[in-house]
Amino acid sequence: MNDNGYRELIERLFERLGVAANPSEEGVYTLGVDGHFQVMIGCYQEQWLQLFCELGPGIPANDNLFGTHWPAHVQGKLDGQAILWSQHPIAGMDRTALEAWLERFID
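What you see is a predicted model; the values in this text were computed from it and never measured.

Caption draft 1: The arrangement of the overall build of the protein in detail. Summing up its helical and strand segments, the protein has two helices and six strands in all. Across the protein, helices and strands are ordered from the amino to the carboxyl terminus as α-β-β-β-β-β-β-α. A total of 107 residues make up the protein; the buried ones form 33% of that total. Carbon together with sulfur atoms contributes 48% to the accessible area of the protein, which is approximately 6,700 Å² in total.

Caption draft 2: Summary view of the pattern of salt bridges. A full pass over the atoms with the stated rule returns three salt bridges. A salt bridge links glutamate 8 to arginine 12, with the shortest nitrogen-to-oxygen separation between them at 3.8 Å. Residue glutamate 8 and its partner arginine 12 are both found in helix α1 (residues 3-17); the two are separated by four residues, about one turn of the helix. With a relative accessible area of 47%, glutamate 8 lands in the partly exposed category. When its relative accessible area of 41% is taken as the criterion, arginine 12 is described as partly exposed. Linked through salt bridges whose partners overlap, the residues forming this network are Arg16, Arg95 and Glu99.

Caption draft 3: The environment of threonine 96, seen in detail. Assignment of secondary structure puts threonine 96 in helix α2 (residues 95-106). According to the relative accessible area criterion, threonine 96 is exposed, its value standing at 52%. C-alpha separation for the pair threonine 96 and arginine 12, spaced 84 residues apart in sequence, amounts to 9.9 Å.

Caption draft 4: Inspection of the environment of valine 19 at higher detail. Note on placement: valine 19 falls in the loop between α1 and β1 (29-33). Residue valine 19 is classed as partly exposed on the basis of its relative accessible area, which comes to 35%. A sequence separation of twelve residues divides valine 19 from leucine 31, and the C-alpha atoms of the two residues are 8.0 Å apart. Those residues within four positions of valine 19 in sequence are excluded, and the remaining contacts are Phe14 and Leu31.

Caption draft 5: Up close: the side chain of glutamate 99. Inspection of the secondary structure puts glutamate 99 in helix α2. Residue glutamate 99 is classed as buried on the basis of its relative accessible area, which comes to 13%. The residues touching glutamate 99, leaving out its near neighbours within four places in the chain, are Leu13 and Arg16.

Caption draft 6: Structural context of the packing of aromatic side chains. Under the defined criterion, the tally for this structure stands at two aromatic pairs. Both rings, one in tyrosine 6 and one in tyrosine 29, keep their centres 5.8 Å apart while their planes meet at 70°; by these two values the pair is edge-to-face. You can see tyrosine 6 sitting in helix α1 and its partner tyrosine 29 sitting in strand β1, a full 23 residues away along the chain. With respect to class, tyrosine 6 is no different from tyrosine 29; both count as buried. Their ring planes at 55° and their centres at 5.8 Å tell us that phenylalanine 14 and tyrosine 29 sit as a pair that is tilted. Taken together, the residues phenylalanine 14 in helix α1 and tyrosine 29 in strand β1 connect sequence positions 15 residues apart. Residue class for phenylalanine 14 comes out buried when judged on its relative accessible area of 1%. Note on tyrosine 29: relative accessible area 1%, which makes it buried. Through successive ring pairs, a cluster of aromatic residues spans Tyr6, Phe14 and Tyr29.

The rules behind the values
- Residues numbered from 1 in each chain as written.
- Predicted model: local features only at pLDDT ≥ 70, side-chain atom pairs only at ≥ 80, totals over all residues.
- Heavy atoms only, no water.
- Helix = DSSP H or I, 4+ residues; strand = E, 2+ residues; numbered from the N terminus.
- Buried < 20%, exposed > 50% of the residue type's maximum accessible area, 1.4 Å probe, protein only.
- Areas by Shrake-Rupley, 256 points an atom, 1.4 Å probe, with all protein chains shown as cover.
- Salt bridge = Lys/Arg side-chain N within 4 Å of Asp/Glu carboxyl O.
- Contact = heavy atoms within 4.5 Å.
- Phe/Tyr/Trp six-rings, centres within 6.5 Å; stacked < 30°, edge-to-face > 60°.

Function cannot be read off these values alone, since they describe shape.
See the structure below:
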């Protein structure tokens, strides 16, 4: 899936959620969740969809796997910040599958 397919997929998701889809210069989309945290959605090497959110300064990064459904969620660090992230092949991904994965990630 090329960048246009990624953008179209994310824009359809945001439209379904009733949220404006405004990507950063790097093509990362941000979705606010109940005013508590933000989930960022990005595309890596045109092959992977990635979800990630910052966990806050008091959470130590320990690279544990979370979740019983693949793709697993991984706790790690990005730019010195503790994050939770997950990635999934973009091939074959549709809005319904993306929405289900996003819901599992938020839970």
